[in-house]
Amino acid sequence: MERDHIRAGRLSEDRSADIASFLSSMDADRWIAEADLLVDIAHVTMLVEREILDKEEAQGMMRILLDFVEKGVPAEAFDIRYEDIHAGIEACLIRAAGEESGGRLHMGRSRNDEVATCIRMRLREEVIGLMGELAGLRDVLLDLAAVHQETIMPGFTHMQHAQPTTLSHHLLAFEAAFTRDFERLRHAFSRINQSPLGAAAFASTGFPIDREMTAKLLGFAGVEGNTMDAVSARDFLLEAIADCSILMTHASRCCEELIVWSSGLVQFVELPDAFCSTSSIMPQKKNPDTAEIMRGKAGTVYGSLVAALATMKGLPMSYNRDLQEVTPNLWKAISEARSSIRLLSGMYAGARFNRERMREESGRGYSTATDLADFLVREYRIPFRTAHTIVGRAVKKGGINLMMLERAALEVKGISLVDMGLTEDMIRNALDPVHAVAMRRGPGGPSPEAVRSSVKERRRLVRRDMAWLEGIRHSLSETKASLLRKAKEMLS
Ligand code: ARG
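The structure contained in this document is the topic of the report that follows. From a predicted model like this one, the values you see are computed outputs, not experimental measurements. (Residues numbered from 1 in each chain as written. Predicted model: local features only at pLDDT ≥ 70, side-chain atom pairs only at ≥ 80, totals over all residues. Heavy atoms only, no water.)

Before going further, it helps to examine the site of the ligand. Taken together, the neighbourhood of the ligand is formed by Ser25, Asp84, His86, Arg111, Asn112, Val115, Tyr319, Arg321 and Gln324. Contact distances for the ligand include 3.1 Å between a nitrogen atom and a side-chain N or O atom of Asp84. At 2.9 Å from a nitrogen atom of the ligand is found a side-chain nitrogen or oxygen belonging to Gln324. Taken by itself the ligand offers 350 Å² of open surface, and the protein chains cover 87% of this. Of all the elements, helix H7 (residues 111-147) adds the most residues to the shell around the ligand, at 3 residues. Each residue belonging to the shell around the ligand can be placed in one class, and the counts come to 2 nonpolar, 4 polar and 3 charged. (Near = heavy atom within 4 Å. Polar contact = N/O pair within 3.5 Å; in protein donor to acceptor, adjacent residues only side chain to side chain. Areas by Shrake-Rupley, 256 points an atom, 1.4 Å probe, with all protein chains shown as cover. Helix = DSSP H or I, 4+ residues; strand = E, 2+ residues; numbered from the N terminus. Nonpolar A, V, L, I, M, F, W, Y, C, P; charged D, E, K, R; others polar.)

The following block contains the structure:
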């Protein structure tokens, strides 16, 4: 490689490999190399359209830039002796096109607006990708929720048997959380998708550039107004990592549950072999390693968020090189989140839920005691607190049956339920988990009837969201194609 052309004027050459590699963002810049070419192309196109640059002056470098797009960014541009990919690409461009043309690329801009633009463009793609994974996961959960509308299972609070529910209801709870994660990213997307290009170092430029034009060429919805903010803001990225952190909380809770549910003690689910590992010594073992690693990854993603926040918090206006240290946290967080959500979908899709075990447990632990209390309220117009105390006392005395309830009622309230007409049959009926679930048919509730209409409604939402994603993907790829078409026209 030649010496770094950016340093050539002002600085001497004596720099150890140690310093060079400390300074270089090259590793993380692999994420934005391709975006950088598009930013270059849009910038040059705009300079020509605004007659800041002659077509003839631009043609040489445009030819090379298009060549790079076609064949990929040259390996040499990634040499860590360049401070970053922006310097690397410019150097390769100048070498191939000559300084007479290539040396004009960087007029009216800075690496500060350049890098912010590249990050936003790449992040835009990643967010759309992550939202696609989330929509897929929602779809898988809805498939399962549709299958398990009648699968009765125990619901838990404090990890204790609480009240029976349906597996469908339980899965729809996670689906609702992942839908909010999707929504959060959609909002983040609208803030990411604003162009900082043209802000230059921070003070914009005296050249009569057209920021609206480059924004449009690159598919941004608008322009970041204040040019100082445009180069120094990274909250769009913090927000994306925060969103990844929150969704990893949900993924981790799913994993925790799959781990517990697949244990020999619970046996509610069997995970697909592909997502499990075995032991090097205990030949019988089937361990839920994917779920465990994913639960761990949540911690890694939170780490990225804290690292990024901590790096940002002390920075004065406007660009400071510390910002370079923030970006890799973004790529780490978003790639971990994407693969986690993808694998979680696969894990759920291949999981086999054990209906019998769930049914068996659904009535355990007096899980329908509330329904009995409700029955007493309805049947005998006893205040709920009174019924709650009577049933609770019967449980404390050793069980729910007519004799215990009668004793409890006499003991705590001095009333006879038998005199009121309570029979063993009525108690058995009130305690039936299937009946208890069927009663809860209000919207959002667990009854087969309620979950059936929830599944239907949620399907409609996920279809709508998938269509939205498809529209964005389509318009981004159209924008790219039209930018490249425009650039090619310049060569003729
Ligand atoms: N690699 C740098 C970053 O990630 C690009 C911007 C460099 N700007 C500068 N003034 N040195 O932030």
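There is more to say, and it comes next.
Before going further, it helps to examine the packing of aromatic side chains. Here the structure, examined in full by the defined rule, presents 4 aromatic pairs. Measuring from ring centre to ring centre gives 4.9 Å for Trp31 and Trp331, while their planes differ by 5 degrees; the resulting arrangement is stacked. On the criterion of sequence distance, the pair formed by Trp31 in the loop between helix H2 (26-29) and helix H3 (33-49) and Trp331 in helix H13 (residues 323-350) is long-range, its members being 300 residues apart. Using a relative accessible area of 2% as the deciding quantity, one classes Trp331 as buried. In this structure an aromatic cluster arises from ring pairing among Trp261, Phe268 and Phe353. Above the plane of the ring of Phe182 lies Arg138, whose end atom (NZ or CZ) is 5.0 Å from the centre. (Phe/Tyr/Trp six-rings, centres within 6.5 Å; stacked < 30°, edge-to-face > 60°. Buried < 20%, exposed > 50% of the residue type's maximum accessible area, 1.4 Å probe, protein only. Lys NZ or Arg CZ within 6 Å of the ring centre and 35° of its normal.)

Nonpolar side chains collect at one region of the surface, where Phe202, Met228 and Met317 lie side by side and expose about 290 Å² of accessible area between them. Within the secondary structure, Met317 sits in the loop between helix H12 (289-312) and H13. (Patch = residues over 30% accessible without salt bridge, like charges linked within 9 Å, V, L, I, M, F, W, Y side chains within 5 Å. Salt bridge = Lys/Arg side-chain N within 4 Å of Asp/Glu carboxyl O.)

On to the nonpolar core. Counting 121 residues, the largest nonpolar core has Leu344 and Tyr348 as the members making the most contacts within it. No other element matches the 17 residues that H7 contributes to this core. Those residues in contact with Leu344 that sit more than four places away from it in its chain are Leu137, Phe178, Ala251, Cys254, Cys255, Leu258 and Met294. (Core = buried A, V, L, I, M, F, W, Y, C linked by side-chain atoms within 4.5 Å. Contact = heavy atoms within 4.5 Å.)

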